[in-house]
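Here is what each chain is made of, one letter per residue.
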There are 2 protein chains.
Amino acid sequence: MARPPAPLITLGAITDAALDLVDETGDFSLPRLAKRIGVSQSSIYNHVAGREEILELMRRRVLELSPRPPVDGLPWETALRTLVRSYRDGFTRHPRLAPLLVLQTVMDTEVIAMYEELAQTLERAGFSGRDVLSAISTVDAFAIGAALDLAAPEVVWAPPSPGYPALVRALGHAPSGAQRAREAFEFGLDVLVAGLRGRLHAGG
Amino acid sequence: MARPPAPLITLGAITDAALDLVDETGDFSLPRLAKRIGVSQSSIYNHVAGREEILELMRRRVLELSPRPPVDGLPWETALRTLVRSYRDGFTRHPRLAPLLVLQTVMDTEVIAMYEELAQTLERAGFSGRDVLSAISTVDAFAIGAALDLAAPEVVWAPPSPGYPALVRALGHAPSGAQRAREAFEFGLDVLVAGLRGRLHAGG
DNA sequence: ACCTGAACACCGTTCAAGT
DNA sequence: ACCTGAACACCGTTCAAGT
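Given the structure is predicted, the values throughout are model-derived calculations rather than measurements. Per chain, residue numbering runs from 1 following the sequence as it is written. Here every chain gets a letter starting at A, and every ligand a number starting at 1, in the order they are written. Since the coordinates come from a predicted model, pLDDT governs what is reported: local features require at least 70, and pairs of side-chain atoms require 80 or more to be given and counted, while whole-chain, interface and lining totals use all residues. Heavy atoms throughout the structure, all of them, feed into the side-chain values; hydrogens and water do not.

K.L.:
Sorry if this is basic, but what is going on with the UniProt feature "domain: HTH tetR-type" (unreviewed entry) in chain A here?
P.N.:
According to UniProt, the "domain: HTH tetR-type" (unreviewed entry) feature falls on residues 8–66 of chain A. Each helix is a run of H or I in the DSSP string that is no shorter than four residues. Each strand is a run of E no shorter than two, and both are numbered from the N terminus. Regarding residues 8–66 of chain A, the helix share stands at 64% and the strand share at 0%, and the terminal C-alpha atoms are separated by 29 Å. UniProt positions are given in the numbering used here, feature names are shortened, and annotations may be inferred rather than shown by experiment.

K.L.:
How do you make sense of the packing of aromatic side chains when you look at a structure like this?
P.N.:
By convention here, two paired aromatic rings are described through the distance between centres and the angle between planes. Ring pairs shown here join Phe, Tyr and Trp side chains whose ring centres sit within 6.5 Å, with only the six-membered ring taken for Trp; geometry is labelled stacked below 30 degrees between planes, edge-to-face above 60, and tilted in between. Enumeration over the complete set of coordinates arrives at 8 aromatic pairs over all chains. Aromatic side chains B:F142 and B:F185 sit 6.0 Å apart centroid to centroid with 10 degrees between the ring planes, which places their arrangement in the stacked category. Residue B:F142 is located in helix α7 (residues 130–150), and its partner B:F185 is located in helix α9 (residues 178–202); the two are separated by 43 residues in the primary sequence. Three labels apply to residues, based on accessible area from a 1.4 Å probe with only protein chains included: buried if under 20% of the type maximum, exposed if over 50%, partly exposed otherwise in between. Using a relative accessible area of 4% as the deciding quantity, one classes B:F142 as buried. Over a ring means this: the NZ of a Lys or the CZ of an Arg is within 6 Å of the ring centre and within 35 degrees of the ring normal. The ring centre of A:F185 lies 4.2 Å from the NZ or CZ of A:R88, which sits over that ring.

K.L.:
Would you explain the interface of chain B and chain A in this entry?
P.N.:
A common way to express how large an interface is: the accessible area buried when the components associate. Residue contacts are defined here by distance: any two heavy atoms, one from each residue, within 4.5 Å place the two residues in contact. Taken residue by residue, the interface counts 59 residues in chain B and 59 residues in chain A. Put simply, buried area is the surface a 1.4 Å probe can reach on two separate parts but cannot reach once they are joined, added for both. The contact between chain B and chain A buries some 4,800 Å² in all, and 73% of this surface belongs to carbon and sulfur atoms. Among the residues chain B hides against chain A, the three largest losses belong to B:R130, B:L133 and B:F187. Together they make up 14% of the total. What makes a salt bridge here is a side-chain nitrogen of Lys or Arg within 4 Å of a carboxyl oxygen of Asp or Glu, nothing more. Viewed at the interface, chain A and chain B are joined by 6 salt bridges. Note that A:E123 is salt-bridged to B:R169, the shortest N-O span being 2.7 Å. Polar contacts, as used here, are pairs of N or O atoms within 3.5 Å; protein pairs need one atom able to donate a hydrogen and one able to accept it. Residues neighboring in sequence count only if both atoms are side-chain atoms. Seen at the junction of chain B and chain A, the total is 12 residue pairs in polar contact (both at pLDDT 80 or more). Breaking the side of chain B that touches chain A down by element, the ones donating at least two residues are α5 (97–101), α6 (109–125), α7, α8 (165–172) and α9 of chain B. With 16 residues, α7(B) is the largest single contributor of residues to the side of chain B that touches chain A. Classifying every residue of the side of chain B that touches chain A by side-chain character gives 37 nonpolar, 12 polar and 10 charged. Nonpolar residues are Ala, Val, Leu, Ile, Met, Phe, Trp, Tyr, Cys and Pro. Charged residues are Asp, Glu, Lys and Arg, and all others, Gly as well, are polar.

K.L.:
It is not clear to me how the nonpolar core should be interpreted in this structure. Could you clarify?
P.N.:
One broad rule of soluble globular proteins: the nonpolar side chains tend to lie buried together. Think of a nonpolar core as a cluster: buried Ala, Val, Leu, Ile, Met, Phe, Trp, Tyr and Cys residues, connected wherever their side-chain atoms sit within 4.5 Å. A:I54, A:I136, A:L196, B:I54, B:I136 and B:L196 are the most contacted members of the largest nonpolar core, which has 138 residues in total. Excluding its chain neighbours within four sequence positions, the residues that come into contact with B:L196 are A:F187, A:V191, B:W76, B:L80, B:L122, B:F127, B:A135 and B:V139.

K.L.:
Explain the relation of the copies chain B and chain A here, please?
P.N.:
C-alpha atoms of residues with pLDDT of at least 70 in both copies form the basis for the least-squares superposition of the copies. In the superposition of chain B on chain A (RMSD 0.0 Å, axial shift 0.0 Å), the rotation amounts to 180 degrees. The symmetry that links the two subunits is that of a two-fold axis. Every residue of chain B has its C-alpha some distance from the rotation axis, and the shortest such distance is that of B:G195, at 1.8 Å. Residue by residue, 100% of the interface of chain B is reproduced at the interface of chain A, so both copies engage with the same surface.

K.L.:
Explanation requested: the pattern of salt bridges in the structure shown.
P.N.:
Proximity of charged atoms lets side chains of opposite charge pair with each other. All names here are of chain B. Applying the stated criterion across every chain yields a total of 30 salt bridges over all chains. Among the ionic pairs, D108 bridges to R60, the shortest N-O distance being 3.4 Å. Residue D108 is found in the loop between α5 and α6, and its partner R60 is found in helix α3 (residues 51–65); the two are separated by 48 residues along the sequence. A salt bridge links D149 to R180, with the nearest nitrogen and oxygen atoms 2.5 Å apart.

K.L.:
Explain helix α4 (residues 76–93) of chain B here, please?
P.N.:
Every α-helical turn comprises 3.6 residues, leaving residues that sit three or four positions apart pointing alike. Residue and element names in this part refer to chain B. Expected helix span is taken as 1.5 Å per residue step, with the number of steps being one fewer than the number of residues. With 18 residues, α4 extends 27 Å between its outermost C-alpha atoms, agreeing within 8% with the 26 Å of an ideal straight helix rising 1.5 Å per residue. All of the buried residues in α4 are W76, A79, L80, L83, V84, S86, Y87, R88, G90 and F91. Residues of α4 that are buried make contact with α3, α5, α6, α7 and α9.

K.L.:
Is there a simple way to explain the packing of helix α6 (residues 109–125) of chain A against helix α7 (residues 130–150) of chain A in this structure?
P.N.:
How two helices sit against one another is set out by the angle between their axes and by the gap between those axes. Residues and elements named next belong to chain A. Axis geometry follows a simple rule: fit a line to the C-alpha atoms, using only the stretch in contact for helices, then measure angles between N-to-C directions, giving values from 0 to 180 degrees. Direction vectors running N to C along α6 and α7 enclose 120 degrees, while the axes themselves pass 10 Å from each other. Between α6 and α7, the crossing angle belongs to the class labelled oblique. Once α6 is placed against α7, the crossing between them reads as right-handed. Mapping the contact onto sequence places Y115, L118, A119, L122 and E123 in α6 and V132, A135, I136, V139 and D140 in α7. A per-class count over the contact of α6 with α7 returns 8 nonpolar, no polar and 2 charged. Our angle categories are set so that under 35 degrees counts as roughly parallel, over 145 as roughly antiparallel, 65 to 115 as roughly perpendicular, and the remainder as oblique. We call a crossing left-handed when the near helix sits turned anticlockwise from the far one by less than a right angle, and right-handed when that turn is clockwise.

This is how it looks when you write it as structure tokens:
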């Protein structure tokens, strides 16, 4: 076969198939991707520059899954919660994608727009000067950590052999899987917001 | 050559060479590693089960670089700061290792011991029940995020094209590189501790 | 016990050839 | 413009062969 009347491959199909593979196996490869779509490996390069661009397609898809809602009218605490929550929410459906994205730090316009909203929110809260950037980094660290936490296997949170009493106690109360991650996220969001509030009143 | 009188390879040499490669290139491979040590690729398998174990060796090395100090006598806020700081400190010398470690979630005894200290510290602070696990996850998310932040390239924090006023303002005040990451980490640590303190007084 | 070289299955990317 | 098959350089892992 050569050039077909209509293209056999679309960016959407590439993204779908790659995301399926990531969901199922935790990774993807060009050969497997091609087989999924039912096409030869090399033809993918007619639509995409390479593996990295496919990762970018998936990043965009996940960001689109939970569109960033407008927050400029909201009180800063609500705005901040909304932004972090919407960032994390896309990954709840594709948790295994998160670890693959930390390797490359690409800045597409959607991500920059999110940082801009974050910066505005933090200024509105009362931060200024260097503290704005530090606060962005702090929120970012928590958001990335929370996304990665979604991909954490159950086993990590299984009680270890005795000799770790406090840890065993903590894990004894643990709900499992998604529930544990969600509770931890809500808790962390409270801590983050309360901590920023505290930093403001203490005078930075 | 066959079996030499003294082994040509040691675990220490493997770890050194792999860490050098990660520092220089952001990754490592078995062929490159073998070339560094001056040995054949396959002989590495006489000392190590595979690539994953080499990653584990590097994780241990980095943990050893900043040994977890005893914290059981300290006030919980100081103890928490000390634990998070010591976790992060190892990565300051090998920042590019952090992204490689998030892919695999292994639990060696050193890491479990750190979680146990964390759990004890949080109990001492006054957390109980499910909150202990949530607080561990929160601290963990921040610590991982902060370690990854060390590997963030300068470019990410370069001011983007105009149209993002708040972000441009924030980046205008930015010190560069390691300095920015350090300030952000100290800021984040304050936020984390203040947030946990707030959560305690609000009554969880 | 420890090293070597050859082999295998897999990977990302390129490119001439086809329509 | 879009697809194919062959090719290339790289990778992780295994294994028979040597001492």
